Amino acid sequence: MKKKKRIIIVSVAVFCVLLIAGTLCGLLFFAPKLTLTLNGGDEEIEVFSRYDDEGAQGKYGGGLISYRDVDVSESGYVDTDKIGEYTLEYITEYKDKKLTAHRTVKVVDKTKPTIDCAEEKITVYRGKKYIASYTAKDNYDGDITDKVKEEWGENSLILSVSDSSGNNASVSVPVEYLDDTTPPEFYFLGDMNMYMKVGSVFDEPGYSATDNADGDITDKVTVDGSVDTSEAGVYTITYTVTDEAGNTSQETRRVTVVAPAPQHIAEQPSGKVVYLTFDDGPCCYTADVLDVLAKYGAKATFFVTAQFPSYIDMIAREYSEGHAVGVHTGTHEFSIYSSVDSYLADFNYMQEVIKQQTGSYTDIMRFPGGSSNMVSRQFCTGIMTKLVSLVQEMGYSYFDWNVGSSDTQTTDPDVIYYNVTNGISKQSASVVLMHDIKPATLAALPRILEYCVDNGYTFGTLNASSPAVHHGVNN
Ligand code: ZN
């Protein structure tokens, strides 16, 4: 019995404990609660986009009390213009209860930059630096052109760039490489054919050189040659330049230093004057011509050549006997009129011969065929116009004639005599054209001189101060 009673007491005690525990649990379970729920979760949005916060809900209730909304206060902000991680805080309070929740909002840049290349295709000389024209822009970083990397390949240029958020962009531009086979080009100041008097100063007129691939390469030009202005002659200055691809250009400037024209200022004869002139010698008749002139005490002018080398010393005799000596031509080939250069080469040659014979250069000259000749046109149009002005610039006096003897057309001394005497009777100062290489002229000369003496003419020699008897230039 005692044992049975004890079991009942223990059972009642366990029941009571269970009842109390159950009641407490029930009270706790059904007791009103404060809750805070975020609308949505953490977020990630693109920079510059709009952010609308979805907020959070606070509620109080449960158990025997129905749920009610409770105010939720928010703090924190999201700067959608600036990349970063922002935290928003939500707080709800009811009576002595308080709940806090957080939301993380990431503002990110996931937009790729853009690269704009001005060229659709690049053509570049192999080995040359090419400055490609492009811009790179990013929605967040702005202009990031300076961050662009260039990768030059065999067929393309790859431009790539990353923005500060690691977004990559790249474009490929086709590239064609060219080999430079074009030689550089020179540009010269001044004339490539220069003419100077002996004793003048030569200053390099200037030059520049450019290359299709290398640009300005003037500093690579080498200049060879020099001009000795103390001596008549033809000097060449050679300009050479080579571009990086090995193409070479070369040009030459010719500087012709012309024998000086010493100015003989002689007294001019007055009254009726005859200037007898003899062209084309000296030759086999010249000595006799000089003898005849000496016999009549007549002075003349010889426009000499070097056509007959064995008689060349007659020039010295002409000069020593008081006659004037002028340049005619070295060769008497009309091809000397091919160019100013070829004319001056012949001219300088003859001046040197005259200097050897007489001890000095002469300042008077006569063009082969005269300044009015048209034969020069077969060789070079306009050459006489150039030469007439050039020789005068150099200080020379050129002479044509106003009385022709026609001794190149006739072998009859009578005709020559008639032409000369008839011609000189028509003006007070006559420049008579004759040739000491014509035997008929030698034959006519004594009678011509007699006529002059008998009729009161004075014989003059030509010099820089003599009347400028010039024909009109026809070429
Ligand atoms: Zn002649």
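Bear in mind the structure is a predicted one, so any value in this text is a computation, not a measurement. (Residues numbered from 1 in each chain as written. Predicted model: local features only at pLDDT ≥ 70, side-chain atom pairs only at ≥ 80, totals over all residues. Heavy atoms only, no water.)

A.B. asks: Can you lay out the domain arrangement of the protein chain for me, pointing to particular residues and giving the numbers?
C.D. replies: What the domain assignment reports for the protein chain is domain 1 (31-108), domain 2 (114-178), domain 3 (185-258) and domain 4 (273-459). Summarising the inter-unit geometry, the C-alpha centres of domain 1 and domain 4 are found 123 Å apart. (Domains from an automatic or database assignment.)

A.B. asks: Go over the environment of D436, please, and point to the residues and values.
C.D. replies: Relative to the helices and strands, D436 is located in the loop between β28 (429-435) and α7 (439-454). Counting along the chain gives 191 residues from D436 to A245, while the straight-line C-alpha distance between them is 63 Å. A distance of 3.3 Å separates a polar side-chain atom of D436 from the backbone nitrogen of G281. (Helix = DSSP H or I, 4+ residues; strand = E, 2+ residues; numbered from the N terminus. Polar contact = N/O pair within 3.5 Å; in protein donor to acceptor, adjacent residues only side chain to side chain.)

A.B. asks: Please provide a residue-by-residue account of the nonpolar core, values included.
C.D. replies: Counting 59 residues, the largest nonpolar core has L276, L293, Y343 and F367 as the members making the most contacts within it. The biggest single contributor to this core is α7, with eight residues. Residue contacts for Y343: discarding those within four places in its chain leaves I336, Y337, M365, F367, P368, L387 and V391. Of all hydrophobic cores here, the second largest spans 15 residues; its members include M194, M196, I217 and V221. (Core = buried A, V, L, I, M, F, W, Y, C linked by side-chain atoms within 4.5 Å. Buried < 20%, exposed > 50% of the residue type's maximum accessible area, 1.4 Å probe, protein only. Contact = heavy atoms within 4.5 Å.)

A.B. asks: Account for the pattern of salt bridges, with residues named and values stated.
C.D. replies: Side chains bearing opposite charge may pair, as long as their charged atoms lie close to each other. Under the defined criterion, the tally for this structure stands at 16 salt bridges. Two residues, K121 and E176, come together in a salt bridge whose shortest N-O distance is 3.0 Å. Taken together, the residues K121 in the loop between β8 (114-117) and β9 (122-125) and E176 in strand β14 (residues 168-178) connect sequence positions 55 residues apart. A relative accessible area of 47% places K121 in the partly exposed class. (Salt bridge = Lys/Arg side-chain N within 4 Å of Asp/Glu carboxyl O.)

A.B. asks: Talk me through the packing of aromatic side chains; I want residue IDs and the actual numbers.
C.D. replies: One pass over the full model with this rule turns up 17 aromatic pairs. Ring geometry for Y130 and W152: centres 6.3 Å apart, planes at 75°, overall edge-to-face. Here W152 lies in strand β12 (residues 149-152) and Y130 lies in the loop between β9 and β10 (134-138), a separation of 22 residues in the sequence. Pairwise contacts between aromatic rings join F334, Y337, Y343, F347, F367, Y396 and Y398 into one cluster. If you follow K272 out to its NZ or CZ, it ends over the ring of Y457, 4.4 Å from the centre. A cation sits over an aromatic face here: R447 above Y417, 4.7 Å from the ring centre. (Phe/Tyr/Trp six-rings, centres within 6.5 Å; stacked < 30°, edge-to-face > 60°. Lys NZ or Arg CZ within 6 Å of the ring centre and 35° of its normal.)

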